[in-house]
Amino acid sequence: MPRCSWTAWTALPRTLGLMAAVPWWLPLTLTSVPATAQVVLTAPTAPTATTSSTTSTEGPLSVTDTRTEVPTDFRPARQISLQSLRGRASFGKPPEVSIDGQALRLAPGARIRDEQNLLVLSGQLAGRRLAVNYTLDTYGLVKDVWLLRADELQRPWPRTREQSTTWRFDPLQQTWIKP
């Protein structure tokens, strides 16, 4: 004669505070599964094409693999705000910054993006003078900063509010056109 009934065993997860719909052994199986895939990141190299030869019944066959790695010079265009202005920034002790000789301060939530569009801390830029695009908030504090790459420096961009109202923006080329 059994001491516990079957209904007592089915109520055990509920008495332990577990959901009745989830079997008690499910978390054990999910945590014990090993990772089967590993991603390896490598630095891109110069474009290469490989050639391999195979032999068929008709004779040798030469196949050229046209897949190439993306060169490091190819970078997608960044989405820089249309309200931004271009300037030359000198970074001091945070939050001090001087843009085109005008002393400004970084906003408390300022975002500084480097050439790869990654966030940079303002302390890492102390003592450096860089070409930037920047936006100001309603209090006159610098809100967003983009450190410019060489290809972005070649494109025209307004330096003052008056220029941004008179110039026209081409969204396909992501450049400003002077009148």
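Conventions adopted
- Residue indices follow the written sequence of each chain, beginning from 1 at its first position.
- Totals for whole chains, interfaces and linings use all residues, but because this is a predicted model, local features are given only for residues with pLDDT of at least 70 and pairs of side-chain atoms are given and counted only at 80 or more.
- Side-chain measures here rest on the full set of heavy atoms in the structure, leaving out hydrogens and waters.
- Strands here are runs of E lasting at least two residues and helices are runs of H or I lasting at least four, both read from the DSSP assignment and numbered beginning at the N terminus.
- Only protein chains enter the calculation, and the probe is 1.4 Å; a residue is then buried if its accessible area is under 20% of its type maximum, exposed if over 50%, and partly exposed in between.
- Any two residues whose heavy atoms approach within 4.5 Å at even a single point are treated as in contact.
- In this description, accessible areas are obtained by the Shrake-Rupley approach with a 1.4 Å probe, and a residue is regarded as covered only by the protein chains that are shown.
- Under this definition, polar contacts are N or O atom pairs within 3.5 Å; protein pairs additionally need one hydrogen-donor-capable and one acceptor-capable atom, and for neighbouring residues in sequence, both atoms have to be side-chain atoms.
- Here the rule is simple: two strands pair whenever DSSP picks up at least two bridges between them.

> For the overall build of the protein chain, give the residues involved together with the corresponding values.
When helices and strands are tallied, the protein chain shows five helices and 10 strands. Residues counted as buried form 23% of the 179 residues belonging to the protein chain. In the protein chain, once contacts between residues fewer than 6 apart in sequence are set aside, the share between residues at least 24 apart is 53%. With the model as given, the accessible surface of the protein chain reaches about 13,700 Å², and the carbon-plus-sulfur share is 59%.

> Requested: an account of the side chain of Arg78, with residues and values cited.
As for its placement among the helices and strands, Arg78 is situated in the loop between β2 (59-65) and β3 (85-91). In terms of polar contacts, Arg78 uses its side chain to reach the side chain of Glu152, at 2.7 Å. In this view, Arg78 contacts Arg113, Asp114, Glu115, Asn117, Trp146, Leu147, Leu148, Arg149, Glu152 and Gln174; residues no more than four positions away in its chain are not counted.

> Outline the pairing of β3, listing residues and values.
With five of seven residues buried, β3 is to be regarded as a mostly interior element. Bridge analysis of β3 against strand β4 (residues 96-99) gives three bridges, and the strand direction is antiparallel. Looking across to β4, one finds that Ala89 is bridged to Ile99.

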